[in-house]
Amino acid sequence: MGTSVQVTPLSGVYGESPLCYLLAVDGFRFLLDCGWSDLCDPSQLEPLAKVAPTIDAVLLSHPDMMHLGALPYAMKHLGLSAPVYATEPVFRLGLLTMYDHFLSRWQVSDFDLFTLDDVDSAFQNVVRLKYSQNHLLRDKGEGIVIAPHVAGHLLGGTVWKITKDGEDVIYAVDFNHRKETHLNGTVLTSFVRPAVLITDAYNALNNQGYKRKQDQNFVDALLKVLASGGSVLLPVDTAGRVLELLLILDEYWGQRNLKYPIHFLTNVSTSTIDFVKSFLEWMNDSISKEFEQNRDNPFLLKNVSLIINKEELEKLGDAPKVVLASMASLEVGFSHDIFVEMANDTKNLVLFTEKGQFGTLARMLQVDPPPKAVKVTVSKRIPLVGDELKAYEEEQERIKKEESLKASLIKEEELKASHGLNAKASDPMAIDGSSSRKSSNAGSHFGANVDILIDGFVPPSTSVAPMFPFFENTAEWDDFGEVINPDDYMMKQEEMDYSMMHGSGDGLDGKIDEGSARLLLDSTPSKVVSNEMTVQVRCSLAYMDFEGRSDGRSVKSVIAHVAPLKLVLVHGSAEATEHLKMHCAKNSDLHVYAPQVEETIDVTSDLCAYKVQLSEKLMSNIISKKLGEHEIAWLDAEVGKEDEKLILLPPSSPPPPINFKQFLENKGWQVEFAGGALRCGEYITVRKIGDSIQKGGAGSQQLVIEGPLCEDYYKIRELLYSQFYLL
C-alpha cells in the first residue's frame, strides 16, 4: 500500500471563506494555511479549534489575512503549538500584515482577540525556508520532506511539495502562471504525476485578457478621474498585491512625468517597503538582473509617498490624488475612513482591484448595480478628559489597592506556614509572624514596614531559629579558575530569531513605523467613540481584476499538464468548484474530489511501496562512486525475507554476460572486431578499457565511443546506454 494521505477542509471549500486545511500523511498532521477574514469572527474557527492541539506542523503559503490571519488567535486560544514553516517574505510580510490589522482594529475598538505580543509569539515559531530547499522533518515526521516552490501570486508565495516514500503531495492554491512586474510565474508545471494535487477553483469561471492591456486600462481609468479634478481610492492589502500596483503606478508616473501625488497609506507602509527592498532575490529575473548590473532597486518608488497616518493626507486638502490604503475589505483601517469622506463626491472614484470578502463593505459595494447608500460605523479613539478621566484614575487606584492587599495577604499566609508550630515551641528566638504583625500594628509608625522587617529572616521549615539564606557554591574549579560551560553563553536559534524580530532596542523597534509605535506606547487613558451613519454613495465604483491568479483556461491547462493521480479541489464558489470538477472528470482519467468542511477524504495512492534493507553481504561487494555530495552504485540483487522484513541479497547466480557485438548485429548494424576494438558502421568505434565485461560495472571497466558527432554516433551511444550502466 502507498503512503496514507487524508485531507480534511476546516474552511475554504464551496465558497470564498479563508483557507485552512488538515492534511495527514502517514499520521503526521499538517495544517495547510491558517486564514481568517477581516471580520475576525471566532465562530469561523470552530472546526480548527477541534483539531488545533493535534497539529504537528503548519505550512503557510501566502502573507495575507486569508492565508495566515488566524495564526496568533489559534496559538493563544485554540492550543495550536506546532512549528510553522514559511518562506522569508511570507514570514516578514505576514508579520507586518498582522501588525497593520491589529493597529487598524485597536484604533477603532477595544480589540482583545489577540495582541502584538501574541503576534510576536506566533511568528517566533516560524522556520524560514528558501525556494526549492528540501527540509527533512524529524521525530514523528521522520521520512517526510517538505519544500517550498514559487507560486507567483504574492511575494514569497509558495506551492508546497510534501514527499514521503517517493510519493508527492502538492499543495498549490492561488498560483499564477504569468510573469508580472515583480514576480516570476509559478513552477507548478515542473511537477509531473504527483500522487495528490490540492488546488483551488477560485478562478475556474474567469478568463483574463492580456496583462499589458489590463495595466493600460487601469492607468487610463485613474488619469480620467484625476484630470477631472477628482481623487481615486484603491482599497488594498498591507503587503500583498499592492506591491504590483505600486510598481505599475510608479513606472507609469515616471515615464509620463505626471505630478498627481500617489500615497501608500498603512500603519506599516515604510516598514513594508523597507523589507521589500531587501527581497529582490525573491522577485522575477528581470529585477534581479537589473539590480546586479545597475544597482537599480524598483522599490525606491520615486513617485510614491509612504505615509502612516491620515493627518499627512489631510494636509493636501481636496487636490486630485491617488491613495492606496488598507484594508481591502473596507471594514476597518484607513480605507474605511477615506471611503466615508470621498463617497459623497461624484468626481471621485473607488477602484477595487480584488473581489471583496464575503460579508464585508467592499463586497456590498461590488454588487451590480451598486447601492446608493450604505450604513457604516465611524469610530475613533480619543483621550479621556474631565470626569471620565477622574473616574478612570479612581478605578485604576482601587484595582491597584485590591491587588496590593491580595498580595500582602498571600505573603502573610506564606510566612505563617513557613514558621511552623515546632519552631515556636523549641526556641524563644523563633519569630511569630502573627505576633510580630500585631505588635507592629499597635503603633502606626512601624505598621507599613512589617513585611520588610520579616522578609529575609524567615527560617526554613526544618530550622528552629531565623537565619540568612545560604546557597552552597557547587561550581567545579581547575588550575585556571572556575570551570564554565560554553553552552551557557551561546544564544539559542530561537532567541536569535526573536532578537532579529524585535530589533536591538524596544520590542516594537524595526517592525512597525515610529508613529504606530508611539501610538501603542502612549499610556494616556483613552476610549473609543462610535457613530453610526448613512453614507450616500455618489462617487464612481469600479472593479478591475489585479488579484494575480491564473484564469480558468490556464488552471485547466496546468492541471492537465501536471496530471496528478488524484485531484482535490478547494477554495472556490460552489458553481466554480463543480464546473472544474466536471471538466477534469470528463477530459481526463483523474480521480477528482471536492470535500465539504470537516469531511475527511482518503486520497491514499493506489501504488504499492515497499521498504527493503540491504544485506551486509551485498553491501560489502558494492563499488560506489561520488556524485556531488552523494555516492551512487549499481547493484544486482534478489529480494528475500529475514525476521519478517524484506531484504536485498546477492543474486544466487551471476547475470549472463552481454555480447554487445551480437546485440548490434541483431539491430541491423554492420559490426566487426578490428585492432582490439568494435567497429560499428563506417565511422564509429567502441573501445573497451578494463578487466571484464559485466553489466553493472562491478569491475573497473570503461567503454569509450570514438568517432565524429554524427547521427550514427548518437544511435550507437543510445544502444550502449541501454545495455550497460555507466558510472
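Residues numbered from 1 in each chain as written. Predicted model: local features only at pLDDT ≥ 70, side-chain atom pairs only at ≥ 80, totals over all residues. Heavy atoms only, no water.

1. Let's talk about the overall build of the protein
Point 1. A tally of helices and strands in the protein yields 24 helices and 33 strands.
Point 2. Within the protein, the proportion of its 727 residues that are buried is 45%.
Point 3. In the protein, the proportion of contacts linking residues at least 24 apart, taken out of those at least 6 apart, comes to 72%.
Point 4. For the protein, the computed accessible surface area is about 38,000 Å², with 52% contributed by carbon and sulfur atoms. (Helix = DSSP H or I, 4+ residues; strand = E, 2+ residues; numbered from the N terminus. Buried < 20%, exposed > 50% of the residue type's maximum accessible area, 1.4 Å probe, protein only. Contact = heavy atoms within 4.5 Å. Areas by Shrake-Rupley, 256 points an atom, 1.4 Å probe, with all protein chains shown as cover.)

2. Observations regarding the side chain of Asp250
Point 1. Looking at the element boundaries, Asp250 is found in helix H7 (residues 242–256).
Point 2. Of the buried charged residues, Asp250 lacks a salt bridge, with Lys302 as the closest side chain of opposite charge at 7.5 Å.
Point 3. Beyond its immediate chain neighbours, meaning those up to four positions away, Asp250 contacts Pro298, Leu301, Lys302, Asn303 and Val304. (Lys, Arg positive; Asp, Glu negative; His and termini not counted. Salt bridge = Lys/Arg side-chain N within 4 Å of Asp/Glu carboxyl O.)

3. Observations regarding the nonpolar core
Point 1. Core analysis: the largest hydrophobic core is formed by 85 residues, its most contacted members being Leu48, Phe218, Val322 and Leu324.
Point 2. Looking at which element gives the most residues to this core, the answer is helix H4 (residues 88–106), with ten residues.
Point 3. Leaving out residues up to four positions away in the same chain, Phe218 has contacts with Leu234, Leu245, Ile248, Leu249, Leu351, Thr353, Met544 and Phe546.
Point 4. Core analysis: the second largest hydrophobic core is formed by 30 residues, Leu23, Leu137, Tyr171 and Val568 among them. (Core = buried A, V, L, I, M, F, W, Y, C linked by side-chain atoms within 4.5 Å.)

4. Regarding the packing of helix H6 (residues 211–227) against H7
Point 1. Their axes nearest at 11 Å, the elements H6 and H7 cross at an angle of 70°. Considered as vectors, H6 and H7 are oriented roughly perpendicular to each other. The hand of the H6/H7 crossing is right-handed. In this structure, H6 uses Lys211, Asp215, Gln216, Phe218, Val219, Leu222, Leu223 and Leu226 to contact H7, whose residues at the interface are Glu244, Leu245, Ile248, Leu249, Tyr252 and Trp253.
Point 2. Classifying every residue of the contact of H6 with H7 by side-chain character gives ten nonpolar, one polar and three charged. (Axes fitted to C-alpha atoms, helices over the stretch in contact; angles between N-to-C directions. Parallel < 35°, antiparallel > 145°, perpendicular 65-115°, else oblique. Left-handed = near helix turned anticlockwise from the far one by under 90°. Nonpolar A, V, L, I, M, F, W, Y, C, P; charged D, E, K, R; others polar.)

5. Regarding empty space enclosed by the protein
Point 1. Inspection of every chain in the model, using the stated rule, returns five cavities of 30 Å³ or more.
Point 2. Estimated volume of the largest cavity: approximately 420 Å³.
Point 3. The wall of the largest cavity is formed by 30 residues, among which Asp64, Met66, Glu354, Lys355 and Gln357 lie closest to the centre.
Point 4. Within the residue set of the lining of the largest cavity, elements represented by two or more residues are helix H2 (65–68), H4 and helix H12 (361–365).
Point 5. For the lining of the second largest cavity, the element with the highest residue contribution is H6, accounting for three residues.
Point 6. Looking at the lining of the second largest cavity, its residues break down into one nonpolar, four polar and eight charged.
Point 7. In terms of domain composition, the lining of the second largest cavity takes at least three residues from each of domain 1 (5–207 + 545–602) and domain 2 (211–372 + 537–543). (1 Å grid on protein atoms, 1.4 Å probe; cavity = no way out; pocket = protein on both sides within 12 Å on 5 of 7 lines; lining within 4 Å. Points joined across faces, edges and corners; volume = space filled by probe spheres on them. Domains from an automatic or database assignment.)

6. Let's talk about unusual backbone geometry
Point 1. Look at the link from Ser326 to Met327: it is a cis peptide, with omega at 15°.
Point 2. Within the secondary structure, Met327 is located in the loop between strand E15 (322–326) and helix H11 (334–342).
Point 3. For the peptide bond that leads from Asp368 to Pro369, omega is 0°, which places it in the cis range.
Point 4. Not every positive phi belongs to a glycine, and Cys40 is a case in point at roughly 50°.
Point 5. Relative to the assigned elements, Cys40 resides in the loop between strand E3 (28–32) and helix H1 (46–51).
Point 6. What makes Cys40 buried here is its relative accessible area of 6%.
Point 7. We note that Leu301 has phi near 50°; this positive angle belongs to a residue other than glycine.
Point 8. The exposure class of Leu301 is buried, given its relative accessible area of 5%.

7. Section: the pattern of salt bridges
Point 1. Summed over the entire model, instances satisfying the criterion amount to 25 salt bridges.
Point 2. The partner of Arg381 in a salt bridge is Asp110, and the shortest N-O contact between them spans 3.4 Å. Note that Arg381 is positioned in strand E17 (residues 373–383) and Asp110 in the loop between H4 and helix H5 (116–124), a separation of 271 residues in sequence.
Point 3. On the accessibility criterion, Asp110 (62% relative accessible area) is exposed.
Point 4. One salt bridge connects Asp215 with Lys211, and the closest N-O pair in it is separated by 2.8 Å. Here Lys211 and Asp215 lie together in helix H6, a separation of four residues that amounts to about one turn. Of the two residues, Asp215 and Lys211, neither departs from the other in class, the shared state being buried.
Point 5. Taken together, the shared-partner salt bridges connect Glu16, Lys355 and Arg363 into one network.

8. Regarding helix H24 (residues 711–723)
Point 1. Taking 1.5 Å of rise per residue, the 13 residues of H24 would be expected to cover 18 Å, and the 19 Å separating its terminal C-alpha atoms lies within 8% of that figure.
Point 2. The complete set of buried residues in H24 reads Tyr713, Ile716, Leu719, Leu720 and Gln723. Seen end-on, H24 carries its buried residues on one side only, within an arc spanning 135°. Facing away from the buried side of H24 by over 90 degrees, the exposed positions are Glu711, Glu718 and Tyr721. (Expected span 1.5 Å × (residues − 1). Arc of directions from axis to C-beta.)

9. What to know about a nonpolar patch on the surface
Point 1. A grouping of Tyr610, Val612 and Val639 is seen on the molecular surface, where their side chains present a nonpolar patch of about 340 Å² in accessible area.
Point 2. For Val639, the position within the fold is in strand E28 (residues 638–642). (Patch = residues over 30% accessible without salt bridge, like charges linked within 9 Å, V, L, I, M, F, W, Y side chains within 5 Å.)

10. Observations concerning the side chain of Arg381
Point 1. For Arg381, a relative accessible area of 19% gives the class buried.
Point 2. In this structure the side chain of Arg381 is engaged in a polar contact, spanning 3.4 Å, whose partner is the side chain of Asp110.
Point 3. Beyond its immediate chain neighbours, meaning those up to four positions away, Arg381 contacts Trp106, Gln107, Ser109, Asp110, Ser526, Lys527 and Val528. (Polar contact = N/O pair within 3.5 Å; in protein donor to acceptor, adjacent residues only side chain to side chain.)

11. Some points on the packing of aromatic side chains
Point 1. One pass over the full model with this rule turns up eleven aromatic pairs.
Point 2. Aromatic pair Phe102 and Phe114: ring centres 6.3 Å apart, planes at 40°, arrangement tilted. A residue pair is termed long-range when its members are at least 10 positions apart, and Phe102 in helix H4 and Phe114 in the loop between H4 and H5 qualify at twelve residues. Both residues of the pair, Phe102 and Phe114, count as buried.
Point 3. Clustering of aromatic rings is evident, with ring pairs tying together Phe102, Phe111 and Phe114.
Point 4. Directly above the ring of Tyr202 sits Arg549, whose terminal nitrogen or CZ lies 4.1 Å from the centroid. (Phe/Tyr/Trp six-rings, centres within 6.5 Å; stacked < 30°, edge-to-face > 60°. Lys NZ or Arg CZ within 6 Å of the ring centre and 35° of its normal.)

12. Observations concerning the sheet that holds strand E14 (residues 305–307)
Point 1. If you walk across this open sheet you meet the six strands as E14-E13-E15-E12-E16-E21, and the pairing is parallel. In the strand order of this sheet, the two ends are held by E14 and strand E21 (540–543), each with one partner. Shown here is a sheet whose adjacent strand axes are inclined to one another by a mean of 20°, direction ignored.
Point 2. Of the strand pairs in this sheet, strand E16 (residues 349–352) and E21 are connected by four bridges, and their pairing is parallel. Counterpart to Leu349 in the pairing with E21 is Ser540.
Point 3. The sheet strands contacting H7 are strand E12 (232–236), strand E13 (262–265) and E15, and the helix crosses E15 at an angle near 165°.
Point 4. Taken strand by strand, helix H8 (residues 269–277) contacts E13 and E14, and its axis lies near 125° from that of E14. (Pairing = 2+ DSSP bridges.)

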